[in-house]
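# Residue-level structural notes
Now for the letters of each chain:
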Amino acid sequence: VFLGLCPVVAGLTGAWMRADNAAVQHASLSWDKVKGVLLQAAPGPLEPYHGANIWTELEPARWTFGGRSQRGLVPVPAGSAARSTVTVDLNKSGQVQAPPLTAAQLRDRIDTGTFITMIAIGGLLLALTWLGRRYLDRRRIASWEAEWLSVGPHWTHH
């Protein structure tokens, strides 16, 4: 069952995550992009992805939107320096939005999501196997006891 579900789960997880990222990409077309200033440095990645920095950190920044100065956490590339200029994506109500995932980030998210889903399915199947075996063992023991109650008195001469 597990091996049969693996390709199905992988396909569904990938399709769901791609659709979610496509919706974010579509929504991002209506976002306002304003320039902000990073208030503190973002920690760098522990290990770069083949030399490209795909890590994103949430760090405090300030920006102006609708004539008012605002502050908040914004997604920035890991390793960004304090006081550097960053682009802040805002929806129509002025809330900070995370940008759509890059192709590498989407692949990593799909791989991670598929792995976690497979672990969950494996755990569920193990739990169902354990419960089924426990149920069958109880039935078997009850059957043996019933048979012993009918045969036992003949062997013990009671």
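Above: the structure in question.
Below is a short write-up of the structure. (Residues numbered from 1 in each chain as written. Predicted model: local features only at pLDDT ≥ 70, side-chain atom pairs only at ≥ 80, totals over all residues. Heavy atoms only, no water.)

### Here we look at helix H2 (residues 103-156)
The terminal C-alpha atoms of H2 lie 76 Å apart, and with 54 residues this matches the ideal 80 Å at 1.5 Å per residue to within 8%. The largest bend along H2 measures about 35 degrees and falls at Ser150, with the proline Pro153 one to four residues further on. Restricting attention to buried positions, one finds in H2 the residues Ala104, Gln105, Leu106, Ile110, Gly113, Thr114, Met118, Ile121, Gly122 and Gly152. At its buried positions, H2 is contacted by helix H1 (2-28) and strand S2 (56-65). (Helix = DSSP H or I, 4+ residues; strand = E, 2+ residues; numbered from the N terminus. Expected span 1.5 Å × (residues − 1). Bend = angle between axes of the 7 residues up to and from the residue. Buried < 20%, exposed > 50% of the residue type's maximum accessible area, 1.4 Å probe, protein only. Contact = heavy atoms within 4.5 Å.)

### Some thoughts on the nonpolar core
Counting residues in hydrophobic clusters, the biggest one holds eleven residues: Val34, Leu38, Ala42, Ala61, Trp63, Phe65, Val74, Val76, Val86, Val88 and Leu90. Leave out the neighbours within four places in its chain, and Val76 touches Leu38, Ala42, Trp55, Thr56, Glu57, Glu59 and Val86. (Core = buried A, V, L, I, M, F, W, Y, C linked by side-chain atoms within 4.5 Å.)

### Remarks on the pattern of salt bridges
Two side chains of opposite charge can pair, provided their charged atoms sit close to one another. Considering all chains together, one arrives at four salt bridges under this definition. Of the charged contacts in the structure, one is a salt bridge between Lys92 and Asp32, with a shortest N-O distance of 3.8 Å. Placement of Lys92 in the loop between strand S4 (85-90) and H2 and of Asp32 in strand S1 (residues 32-38) is noted, with a sequence separation of 60 residues between them. Relative accessible area serves as the criterion here: at 60%, Lys92 is assigned to the exposed category. Exposure remark for Asp32: the relative accessible area of 26% places this residue in the partly exposed category. Measuring nitrogen to oxygen at the nearest pair gives 2.6 Å for the salt bridge that ties Asp137 to Arg140. Residue Asp137 and its partner Arg140 are both found in helix H2; the two are separated by three residues, about one turn of the helix. (Salt bridge = Lys/Arg side-chain N within 4 Å of Asp/Glu carboxyl O.)

### Details of the pairing of S2
For S1 and S2, the ladder comprises three bridges, and the chain directions are antiparallel. Bridge pairing in S2 places Gly36 opposite Trp63. Note that S2 and strand S3 (residues 68-77) share ten bridges and pair antiparallel. For Thr56, the partnering residue across the bridge sits in S3 and is Pro77. Where S2 hands over to S3, the hairpin turn is made up of two residues, of which Gly66 adopts a positive phi near 65 degrees. (Pairing = 2+ DSSP bridges.)

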